[in-house]
Each structure stands twice: as structure tokens, then as C-alpha cells.
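One letter stands for each residue in the lines below.
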Amino acid sequence: MSANWFRRRFLPGGPLPAPRPPRPRASPVPYRRPRFLRGSGSSSSTADASCRPDARPVRSPVRGRALPWNAGYAEIINAEKSEFNEDQAACGKLCIRRFEFGVEEDQERLTLCPEEFLTGHYWALFDGHGGPAAAILAANTLHSCLRRQLEAVVEGMVATQPPMHLSGHCIRPSDPQFVEEKGIRAEDLVVGALESAFQECDEVIGRELEASGQVGGCTALVAVTLQGKLYVANAGDSRAILVRRDEVRPLSSEFTPETERQRIQQLAFLYPELLAGEFTRLEFPRRLKGDDLGQKVLFRDHHMSGWSYKCVEQSDLKYPLIHGQGRQVTVLDMDQLEPQEEDVVVMATDGLWDVLSSEQVARLVRSFLPGNREDPHRFSELAQMLIHSTQGKDDSPTQEGQVSYDDVSVFVIPLHNQGQGRSSH
């Protein structure tokens with residue numbers, strides 16, 4: 001549902017809408033921005049930096065509202081297609097409880113003493129496709145799925161080595177040997193919980209969208225700190241990197257289904273109803289816009305390994321079916337890393353990476369942080385500066401004038417003096 005539709009339907013003085021056939025039910029969740037942005041204003045430097053009519057302001061949490069680990073966050077709605085940001089973000093503290101079952105028939109969840117809580121922190125970015133509904137659902141759901149999955153294996157996580165059975169009984173004498181031979185560690189249980197949480201959340205989103213007659217999907221990029229380790233899980237084309245004084249380390253990989261491309265396109269060719277009239281099976285080098293109508297552009301279909309040209313039609317402007325997807329979890333041991341004062345993790349949706357390389361982002365980080373050590377809000381200021389660098393301004397730090405025509409969301413997570421020990425509070 002476009003912004004123009006809302007204007008025509010609700011602004012006074014407009015013509016009465018013509019009768020319409022029954023429409024799908026409303027979105028399963030209301031459109032909104034992340035909770036930690038409530039009461040936030042725009043970045044004045046960005047809002048005033050351009051007089052372009054399509055310019056939109058950068059938003060960050062209000063000063064005094066601290067995110068976990070004093071992380072920084074900023075976002076901009078920069079797409080021409082909508083006034084509504086298809087990116088969503090979430091962050092917070094994870095408190096993992098343990099299940100204990102008594103002799104009664106009713107199984108009760110007993111909360112352990114506070115010092116026995118297993119705690120961690122969570123940051124997540126979701127980039128919606130075909131509207132914001134799936135991203136909003138993911139932002140509201142994934143952390144709960146993850147907590148449930150972690151609580152199901154927490155007994156194994158706190159053990160010296162994950163036991164074969166959580167009942168405490170060794171069914172077979174060879175069980176510990178098999179666990180040791182497989183090299184199963186506590187971090188493998190966290191990785192499994194993340195993977196299961198992604199799958200559970202995907203199923204929840206699918207049911208909710210189907211029940212409400214909605215379509216769409218989203219990417220997911222998640223960072224979790226637990227027991228002295230940082231886990232980065234990714235599904236899609238967002239990216240996370242570790243920036244240190246002398247190192248840029250990728251913590252995620254963008255997934256593009258190149259190996260499955262032709263099979264996916266052929267399924268869409270044979271069963272066009274799967275596209276629900278919302279997607280195109282054709283692949284183009286970039287997302288097409290209205291200005292491309294009638295132009296000859298590169299494309300390829302399911303029967304092609306090479307490329308050809310076609311004239312762009314209205315149906316080609318639909319969201320591309322072939323888009324990055326996949327899953328990956330990276331584990332970073334904080335104790336072995338020994339983070340220095342200006343070591344940070346930068347997480348961002350593809351709107352940032354379409355314009356800036358990992359090395360360019362690292363240079364901006366290294367140029368900004370040393371001169372702002374006394375600023376308690378420096379990580380949000382850095383996140384805003386990174387977005388400002390994608391807006392093609394003459395005074396952009398990169399001085400390359402490139403513009404990102406997508407929504408952009410950025411977390412900057414400082415690592416120094418964070419996450420040491422078995423639990424982080």
C-alpha cells in the first residue's frame with residue numbers, strides 16, 4: 001500500500017474513492033520504528049545538509065537513552081519507493097533461564113537466583129522486501145525465539161562439555177566419547193539455537209503473513225554476546241565487520257543464490273502463482289526504477305547462464321525474486337581477541353554497503369574515534385556519520401559523492417571492556 005494511496009484516501013478535499021474489490025486484511029503488526037527511537041529527533045547536520053526535496057533526516061536514539069554496551073545507532077529512510085522504512089532494528093538484554101521440573105504432574109518454570117542467570121545482549125537488523133511487514137514481525141519475534149531455543153539447551157551450555165543427554169543420565173557408556181569425537185562445544189549449542197531461532201521465526205512470519213493476506217520477506221543480521229563470545233548470524237545481504245586499528249575482519253557474508261538461481265527461476269516459470277503477482281523471476285544487474293521503462297537493459301532468465309537485453313516493461317519493476325539469502329553464524333572469542341579501546345563491530349543493511357566498502361567504513365571509523373574519545377555519544381555520532389557518507393554530499397568524508405537509494409540502518413558496537421567473563425551484565 002503506497003504513500004500516494006494514503007494521501008488520496010485520507011487527505012481532505014480529495015475525490016471520493018471508487019468502489020474497490022475486497023482487499024487483503026490489514027498488516028499483522030502496525031508500522032512503527034524501533035522502541036529505542038521513541039522521542040528521537042533527526043540529526044540536524046544531516047537534515048540541513050541538503051535542500052533536495054527527497055532528502056530525509058537521519059534518526060538516532062535521544063541522548064541519555066543508552067543502548068546495550070553504549071552502542072550507537074542511526075537510520076535514514078532514503079528510498080524513493082515509500083515514506084515507510086522497510087528496515088527494522090532491535091536490541092536489548094537476553095536473560096536465559098533454566099527449566100527445572102519437580103515431582104508434581106505440573107511442570108513449572110523455576111527462575112534461578114539472579115547470580116545464576118545466564119545473560120547476554122542482542123542487536124539485530126532486518127531489511128524488509130516487498131514492504132515492512134516481515135521485518136516488523138522479525139524484530140518483534142526473533143529475540144523471543146532465540147531465548148526459547150537457548151533455554152532449551154542452557155544446561156548443556158553451562159557444562160564443561162555438552163552432555164549427550166540433559167537428563168543427567170548416561171544412556172550408553174560410549175556417549176561421552178562420541179561427544180568428544182564430534183568436538184561438540186558449548187558454542188555449538190548457541191550456534192544451533194541461533195539457527196533454530198531463525199527457522200522458528202521464519203515459520204511464524206509465514207503463518208502471520210498468510211493469515212493477514214500479506215506478502216514479503218526480510219533479511220536478518222543478528223549479533224549476540226554470551227559467555228564471553230560474540231555470535232554474528234546472517235541471512236541475506238546485510239553485513240557486519242570487525243574494525244580494529246590494523247585489521248578489518250568480515251563477521252558475515254552476503255548470500256546470493258547464484259548456484260540455485262536457475263532452479264529458482266525455473267520454478268517461478270512453471271508455477272507463476274508462487275510469485276503472487278508481486279515479484280519478477282527475471283534477474284537484472286540492479287533493481288529497476290520507473291526511469292528504466294522502455295529502456296533496453298541487461299537481464300537473464302532461467303534458461304540462461306549468460307546475459308541478454310530486453311526492453312523494460314511495467315512488470316519488470318516488481319521486486320526481484322533472485323535476491324541474497326542464506327544463513328551463516330560466525331563466532332568471535334572476546335577473551336582471545338583482547339579488544340582495544342577503539343575496536344568496534346559495524347552492522348549495517350545493504351543500503352550502506354551498496355555505497356561504501358568494508359575498507360572505506362574502517363577508514364571512517366579510525367579517523368573519527370581517536371578524536372572523540374571524551375564524547376559519551378560518539379558511537380551514535382559515528383553511525384550518523386557513516387550514513388551521511390552515503391548521501392552524496394559535497395562535504396561527505398569519503399568525498400566520492402555516491403548516493404545510496406535504499407533505506408540504511410547502522411549499529412556501531414564497542415568491544416573494549418565489554419563481555420569479559422562467563423556472563424555479561
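Residues numbered from 1 in each chain as written. Predicted model: local features only at pLDDT ≥ 70, side-chain atom pairs only at ≥ 80, totals over all residues. Heavy atoms only, no water.

Enquirer: Hey, could you go over the pairing of strand 10 (residues 296–299) for me, with residue numbers and the actual values?
Expert: Alternating residues of strand 10 divide into Val 297 and Phe 299, all buried, and Lys 296 and Leu 298, none buried. Here strand 10 pairs with strand 11 (residues 308–311) via 4 bridges, running antiparallel. Across the sheet, Phe 299 pairs through a bridge with Ser 308, a residue of strand 11. (Buried < 20%, exposed > 50% of the residue type's maximum accessible area, 1.4 Å probe, protein only. Helix = DSSP H or I, 4+ residues; strand = E, 2+ residues; numbered from the N terminus. Pairing = 2+ DSSP bridges.)

Enquirer: Kindly report on the packing of aromatic side chains, identifying the contributing residues and their values.
Expert: Tallied over the entire structure, the rule returns 4 aromatic pairs. Between Phe 36 and Phe 411, the aromatic rings sit 6.1 Å apart at their centres with planes inclined by 50 degrees, giving tilted as the arrangement. With Phe 36 in the loop between helix 1 (3–10) and helix 2 (44–47) and Phe 411 in strand 15 (residues 408–414), this residue pair connects regions lying 375 residues apart in the sequence. On the basis of relative accessibility, which here comes to 9%, the residue Phe 36 falls in the buried class. Phe 411 gets classed as buried once you look at its relative accessible area, which sits at 0%. Among the aromatic residues, those joined into a cluster by ring pairs are Phe 36, Tyr 73 and Phe 411. (Phe/Tyr/Trp six-rings, centres within 6.5 Å; stacked < 30°, edge-to-face > 60°.)

Enquirer: Quick rundown of the environment of Gly 277? Include the residues and the values.
Expert: The residue Gly 277 is located in the loop between helix 6 (261–270) and strand 9 (279–280) in this model. For Gly 277, a relative accessible area of 45% translates into the label partly exposed. As for Gly 277 and Lys 318, which are separated by 41 residues in sequence, their C-alpha atoms are 8.5 Å apart.

Enquirer: I'd like to hear about helix 5 (residues 186–212), residue by residue, with values.
Expert: Across its 27 residues, helix 5 extends 39 Å between first and last C-alpha, which sits within 8% of the 39 Å expected from 1.5 Å per residue. Following helix 5 by one or two positions, Gly 213 adopts a phi angle in the positive range, close to 70 degrees. (Expected span 1.5 Å × (residues − 1).)

Enquirer: Which residues make up the nonpolar core, and what values do they have?
Expert: In this structure, Tyr 122, Phe 126, Leu 146, Leu 150 and Val 224 are the most contacted members of the largest nonpolar core, which totals 37 residues. Among the secondary structure elements, those contributing two or more residues to this core are strand 3 (87–96), strand 4 (118–129), helix 3 (133–158), helix 5, strand 5 (217–226) and strand 6 (229–235). Beyond its immediate chain neighbours, meaning those up to four positions away, Phe 126 contacts Glu 86, Asp 87, Gln 88, Ala 135, Ala 138, Ala 139, Leu 142, Cys 218, Thr 219 and Ala 220. Of all hydrophobic cores here, the second largest spans 27 residues; its members include Val 243, Val 365, Val 410 and Val 412. (Core = buried A, V, L, I, M, F, W, Y, C linked by side-chain atoms within 4.5 Å. Contact = heavy atoms within 4.5 Å.)

Enquirer: Give a detailed account of the state of the cysteines, specifying residues and quantitative values.
Expert: A disulfide bridge is the covalent bond that connects two cysteines by way of their sulfur atoms. Across all of its chains, the model carries 0 disulfides by this definition. The closest cysteine sulfur to the non-disulfide-bonded Cys 218 is located on Cys 201, 6.8 Å from its own sulfur. (Disulfide = S-S within 2.5 Å.)

Enquirer: Lay out the pattern of salt bridges in plain terms, naming residues and giving numbers.
Expert: Counted according to the given criterion, the structure contains 12 salt bridges. Note that Lys 229 is salt-bridged to Glu 187, the shortest N-O span being 4.0 Å. Of this pair, Lys 229 sits in strand 6 while Glu 187 sits in helix 5, and the two are 42 residues apart along the sequence. Among the residues examined, Lys 229 registers a relative accessible area of 19% and is labelled buried. Residue Asp 343 pairs with Arg 244 through a salt bridge whose shortest N-O separation is 2.8 Å. One end of the pair, Asp 343, is in the loop between helix 7 (334–337) and strand 14 (344–348); the other, Arg 244, is in strand 7 (residues 239–244), with 99 residues separating them in the sequence. Look at Arg 244 and you get buried, because its relative accessible area is 15%. Here the salt bridges share partners, and the residues they tie into one network are Arg 185, Glu 187, Asp 188, Lys 229 and Asp 333. (Salt bridge = Lys/Arg side-chain N within 4 Å of Asp/Glu carboxyl O.)

Enquirer: Could you give an account of the packing of helix 3 against helix 5, with specific residues and numbers?
Expert: Their axes nearest at 7 Å, the elements helix 3 and helix 5 cross at an angle of 145 degrees. Remark: the crossing between helix 3 and helix 5 carries right-handed chirality. Of the residues assigned to the contact of helix 3 with helix 5, the class counts are 21 nonpolar, 4 polar and 3 charged. (Axes fitted to C-alpha atoms, helices over the stretch in contact; angles between N-to-C directions. Left-handed = near helix turned anticlockwise from the far one by under 90°. Nonpolar A, V, L, I, M, F, W, Y, C, P; charged D, E, K, R; others polar.)

Enquirer: Now, about the pairing of strand 4: what can you tell me, with residues and values included?
Expert: Counting buried positions over the 12 residues of strand 4 gives 12, a clear majority of the element. Residues Leu 118, Gly 120, Tyr 122, Ala 124, Phe 126 and Gly 128 point to one face of strand 4 and Thr 119, His 121, Trp 123, Leu 125, Asp 127 and His 129 to the other, with burial holding for every one of them. Bridge count between strand 3 and strand 4: 10 bridges; the pairing is antiparallel. Paired with Asp 87 across the two strands is Asp 127, which belongs to strand 4. Relative to strand 5, strand 4 runs antiparallel, the two being bridged by 10 bridges. Within strand 5, the residue paired with Trp 123 across the bridge is Ala 223.

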